[in-house]
Amino acid sequence: MATSNSNPTPNNLDQEALHFHQFPKPGKIEIHSSKPCNTEKALSLAYSPGVAAPCRVIAKEPDKVYDYTAKGNLVAVISNGTAVLGLGNIGPLASKPVMEGKGILFKQFAGIDVFDIELSALDVDEFCKAVKALEPTFGGVNLEDIKAPECFEIEERLKKEMRIPVFHDDQHGTAIISGAAMINACHITSRKLRDLKIVMNGAGASSIACAKIFVSLGVPRDNIIMCDSSGVIYRGRKEGMNKYKDEFAAPTEARTLAQALHGADMFVGLSVAGAVTGEMLKPMAKNPIIFAMANPDPEILPPEARAARPDAIIATGRSDFPNQVNNVLGFPSIFRGALDTRATMINEEMKLAAVHALAKLAREDVPEKVSAAYGGQSFKFGPDYLIPKPFDPRVLMWVAPAVAKASMDSGVARKKIEDWEKYRDSLEAYQGPEKVFIRSAINKVRFNTEAAGTGLPRIVFPEGSSSKILKSLATIVEEKICQPILLGYPDRVREKITSLNLDVLKDLPVIHPSSHPKFKAYAEELWKRRQRKGVTLGEAEKLMSDPNYFASMMVAQNDADGLVTGSTMKYGEAVKPVLQTIGVAKDAVAAGLNIVLLEDRFLLLLDTTVNFDPTAEQLSTMALQAARVMEYFGQKPRIAMLSYSNFTGSEGSPAKMRKAVDLVKAKRPDLMVDGDMQADTAVNSEIMKRIFPFCELDDSANILLFPNLEAANIAYKLLQQLGKGEVIGPFLMGVRRSANVLQRTTTVDAIVNSVVLTALEAQYLIERRKNR
């Protein structure tokens, strides 16, 4: 398993790791049911007698196993423990923690379920027989930590004898990632693959696989010199050879690694720590490419290599140096693409597709969320960023479709993917419910735009020089969500865009409020609206110089369809111009709404930002507004008025919430609403049905109204930090036009979410006005 971190103090790390693996329960994995099985009825469906139905269907039509069982998303991680990373031949039992860890990576990075299987089988025939017998259970097999040369024969035999993908990650994973890095290193140093001269140290599984994929990518076989512990593998050598080494016996007079490195363009190390010195690198060609990938310590440490060759491009297997060649960039996404097409194997075409997808992705701009995952480091394609980072969520989105397409094009797919956009949406689902919800909203924006035959909604951004706003707009423009309008000093904004390398924003309009031809008219309009609130014309002009007032007036005068602000100021300061300029809609209440995204549903929480102690009348109006939001997303509203009690008839906030229930029922008898009730009752239908069977909600509530701002704000902040769901927002409900105020602590991703939903709301309000 070619993944490694830096080396903390061994004793401290060992103790921490042992504690981690033992507590609170031994091991790192467990099995959860994907169906609710907590009733007698459910158990009768999951097991006897109901389970007989899918069994009969599968017996008649074997491919139906993919419809009625987990086979299509289940991979076996199998090892005999003969070549465990950094530990050698420790046997199958001791290898189990590694295999459990591999399973976690499959699940975390691609949503693939894993059973780890440790076989006490050293003989190739015995090993292959055991694995082959498991074929009915699994959708694919990942071979792990098996020593060479047995690993070559095992994989070759199983690929021929089995009709599911078999993939030895120690060979191909490292080859695929290093292949992508090699392509980009050549791109940076202006080399052609056909001219590249490579020296490899190590002749095990990873080295042989790397050499093969380098050849497939266009490096001539005779341009590769491979070395092992006995020196150069040259044509005619007899000592320590096998058929796999014979394939890469080179026509060369060099007999040592040092001699082979003279004039070489690239060094690839998959051997042992300290195998290379700085002196050995000095005779290499200009701008040498040095991939020292021995684990846990490389053949030469980057500082030593850099001291000898300052012009070098360097990669290792370590996370504490740039350009980590980490197999997690490959195997989860590769298997995802293979499983989703029910491929019979992972062939060369699929591996090369993964190589090119990774290489291309590395040349794209890196989003802030990736930098945030690495402590705020900035990444840009170049000598220190050849390949994507392991925690870049885009890897799955790029690699899996490429592999799936290659599977289909090469004829090994048993299932075709017809709708690629829908497939990419399904991949986002593995990255959490937020991605699914926002992707659904993006698709709605696009559909609405096409259906209306109009342009994208015009969204104005008062904080035009904010780095977070500009970075988020790069995604918004690429996704074609809206037409952004930036406010600020044009020169400063464009300078910021240039400094952030956001070329996609260079043509966006930038407006300086006081220089705009409508500045005077806007100021007069504000004065008319606020003259009986103590605002003079001169004060209105001063206020209109504030980008937030100017943006609000643009929206109020239909010169923009919505606005997003607040990333650089207090919420109250940002919301005030919106309320004073755009104003609250007729029969509405301004309120803050947060969306809580769970795996299988979403909730609306309010009021989280505006009204300190809302009245029953205000709460009922908020409930009606939230119900329209829920209905817009195709969900049946179930409204709970929350309190500290369950249907007790108490005075104070319970009475207020009961009155709000009655008001909602009077205005919309078709809605399901009840209260006062406690929060656990509202969201747990089991409690609701068992203890309060008279409750008028037919299932868990999806709209939660809190008795006051304190309760709502505390609840959503806690959920944001501690909850299993994801919280987005707040969003400003009840104003005449689409306008949303961010939190100062917001992230680029959160801004993107807010802009998407602002654009969607703008379209909804435009359509409502048309239909009046």
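Conventions adopted
- Residues numbered from 1 in each chain as written.
- Predicted model: local features only at pLDDT ≥ 70, side-chain atom pairs only at ≥ 80, totals over all residues.
- Heavy atoms only, no water.
- Patch = residues over 30% accessible without salt bridge, like charges linked within 9 Å, V, L, I, M, F, W, Y side chains within 5 Å.
- Areas by Shrake-Rupley, 256 points an atom, 1.4 Å probe, with all protein chains shown as cover.
- Salt bridge = Lys/Arg side-chain N within 4 Å of Asp/Glu carboxyl O.
- Helix = DSSP H or I, 4+ residues; strand = E, 2+ residues; numbered from the N terminus.
- Buried < 20%, exposed > 50% of the residue type's maximum accessible area, 1.4 Å probe, protein only.
- Pairing = 2+ DSSP bridges.
- Axes fitted to C-alpha atoms, helices over the stretch in contact; angles between N-to-C directions.
- Parallel < 35°, antiparallel > 145°, perpendicular 65-115°, else oblique.
- Contact = heavy atoms within 4.5 Å.
- Lys, Arg positive; Asp, Glu negative; His and termini not counted.
- Charge placed at Lys NZ, Arg CZ, Asp CG, Glu CD.
- Core = buried A, V, L, I, M, F, W, Y, C linked by side-chain atoms within 4.5 Å.
- Polar contact = N/O pair within 3.5 Å; in protein donor to acceptor, adjacent residues only side chain to side chain.
- Expected span 1.5 Å × (residues − 1).
- Phe/Tyr/Trp six-rings, centres within 6.5 Å; stacked < 30°, edge-to-face > 60°.
- Disulfide = S-S within 2.5 Å.

There is a patch of nonpolar side chains on the surface, built from Ile714, Leu718 and Leu722 and spanning about 340 Å² of accessible area. For Leu722, the location among the structural elements is in helix H30 (residues 709–722).

The next subject is the pairing of strand E3 (residues 140–143). Here E3 shows a buried face lined by Gly140 and Asn142 and a second buried face lined by Val141 and Leu143. Strand direction decides the pairing type here: strand E1 (residues 74–79) and E3, joined by four bridges, are parallel. Following the sheet pairing, Val77 is matched in E3 by Asn142. Relative to strand E4 (residues 166–168), E3 is paired through three bridges, and the arrangement is parallel. Looking at the pairing, Val141 lines up with Val166 of E4.

In this section: the packing of helix H22 (residues 519–530) against helix H24 (residues 547–556). Where H22 contacts H24, the two axes come as close as 10 Å, and the packing angle between them is 85°. One element, H22, and the other, H24, form an angle in the roughly perpendicular class. Here H22 contributes Phe519, Tyr522, Glu525, Leu526 and Arg529 to the contact with H24, which in turn contributes Tyr549, Phe550, Met553, Met554 and Ala556.

In this section: the sheet that holds E1. Sheet architecture is open: four strands sit in the order E2-E1-E3-E4, paired in parallel fashion. Among the strands making up the open sheet, the edge pair consists of strand E2 (113–118) and E4. Strand-to-strand, the axes of this sheet are offset by a mean angle of 20°, without reference to chain direction. Contacts from helix H5 (residues 91–110) reach E1, E2 and E3, with the element oriented near 170° to E2. Where helix H8 (residues 169–189) meets the sheet, its contacts fall on E3 and E4, and the angle it forms with E4 comes to roughly 75°.

The next subject is a positive patch on the surface. A contiguous patch of positive charge on the surface is contributed by Lys586, Arg628, Arg768 and Arg772. Assignment of secondary structure puts Arg628 in helix H26 (residues 616–632). Since its relative accessible area comes to 35%, Arg628 is described here as partly exposed.

Strand order in the open sheet formed by five strands is E13-E12-E11-E14-E21, with parallel pairing between adjacent strands. Two strands in the sheet have a free side with no partner beyond their single neighbour: strand E13 (510–511) and strand E21 (738–741). Bridge count for strand E12 (residues 483–487) against E13 is two bridges, and the pairing is parallel. Paired with Leu486 across the strands is Val510, a residue of E13.

The next thing to look at is the nonpolar core. Met182, Ile198 and Phe214 are the most contacted members of the largest nonpolar core, which totals 105 residues. Not counting chain neighbours up to four residues away, the residues in contact with Met182 comprise Leu193, Leu196, Ile198, Phe214, Leu217, Val219, Met266 and Phe291. If you look at the next biggest cluster of nonpolar residues, it comprises 60 residues, including Phe437, Ile438, Met641 and Ile703.

Within the element layout of this structure, Asn611 appears in the loop between strand E16 (602–606) and H26. A distance of 2.7 Å separates a polar side-chain atom of Asn611 from the backbone oxygen of Ala590. Excluding its chain neighbours within four sequence positions, the residues that come into contact with Asn611 are Val589, Ala590, Ala591, Gln618, Met622 and Leu709.

On to helix H20 (residues 467–479), then. Over its 13 residues, H20 extends 19 Å from the first C-alpha to the last, a length consistent with the 18 Å expected when each residue adds 1.5 Å. Buried within H20 are the following residues: Ile469, Leu470, Ser472, Leu473, Ala474, Ile476 and Glu479. Lys480 sits one or two positions beyond H20 and adopts a positive phi of about 55°.

Scanning the entire structure with this criterion turns up 41 salt bridges. A salt bridge links Asp67 to Lys64, with the shortest nitrogen-to-oxygen separation between them at 3.7 Å. Owing to a relative accessible area of 47%, Asp67 belongs among the partly exposed residues under this scheme. By relative accessible area, which is 27% here, Lys64 ends up partly exposed.

Turning to the packing of aromatic side chains, a few remarks are in order. With the rule as written, the count across this model stands at 15 aromatic pairs. Ring plane angle 85° and centroid distance 6.1 Å describe the contact between Phe115 and Phe138, whose orientation is recorded as edge-to-face. Of this pair, Phe115 sits in strand E2 while Phe138 is found in the loop between helix H6 (124–132) and E3, placing the two residues 23 residues apart along the sequence. Relative accessible area serves as the criterion here: at 36%, Phe115 is assigned to the partly exposed category.

Once that is clear, we can look at H30. Over its 14 residues, H30 extends 20 Å from the first C-alpha to the last, a length consistent with the 20 Å expected when each residue adds 1.5 Å. Its buried side turned inward, H30 meets strand E15 (591–597), E16 and strand E20 (726–733). The N-capping residue of H30, defined by a side-chain oxygen 3.3 Å from the backbone nitrogen of Glu710, is Asn708.

Attention now moves to the state of the cysteines. Each disulfide is one covalent bond, formed between the sulfur atoms of two cysteines. Applying the stated criterion across every chain, the model contains zero disulfides. The thiol sulfur of Cys55 is not disulfide-bonded, and the nearest other cysteine sulfur, from Cys37, lies at 15 Å.

This part takes up the side chain of Asn142. Turning to its location among the elements, Asn142 is positioned in strand E3. In this structure the side chain of Asn142 is engaged in a polar contact, spanning 2.8 Å, whose partner is the side chain of Glu144. Ignoring sequence-local partners within four residues, the contact set of Asn142 consists of Val75, Ala76, Val77, Ile78, Lys102, Phe106, Phe167, Asp169, Phe331 and Phe335.

Tracing the sequence through the fold places Arg318 in the loop between strand E10 (313–316) and helix H14 (331–340). For Arg318, a relative accessible area of 7% corresponds to the buried category. C-alpha of Arg318 to C-alpha of Asn89: the two residues are 229 residues apart in sequence and 22 Å apart in space. At 2.8 Å, the side chain of Arg318 and the side chain of Asp320 are in polar contact.

Another aspect to go through is the environment of Gly538. Along the chain, the position of Gly538 falls in helix H23 (residues 537–544). The sequence separation of Gly538 and Trp527 amounts to eleven residues, and the corresponding C-alpha distance is 8.6 Å.

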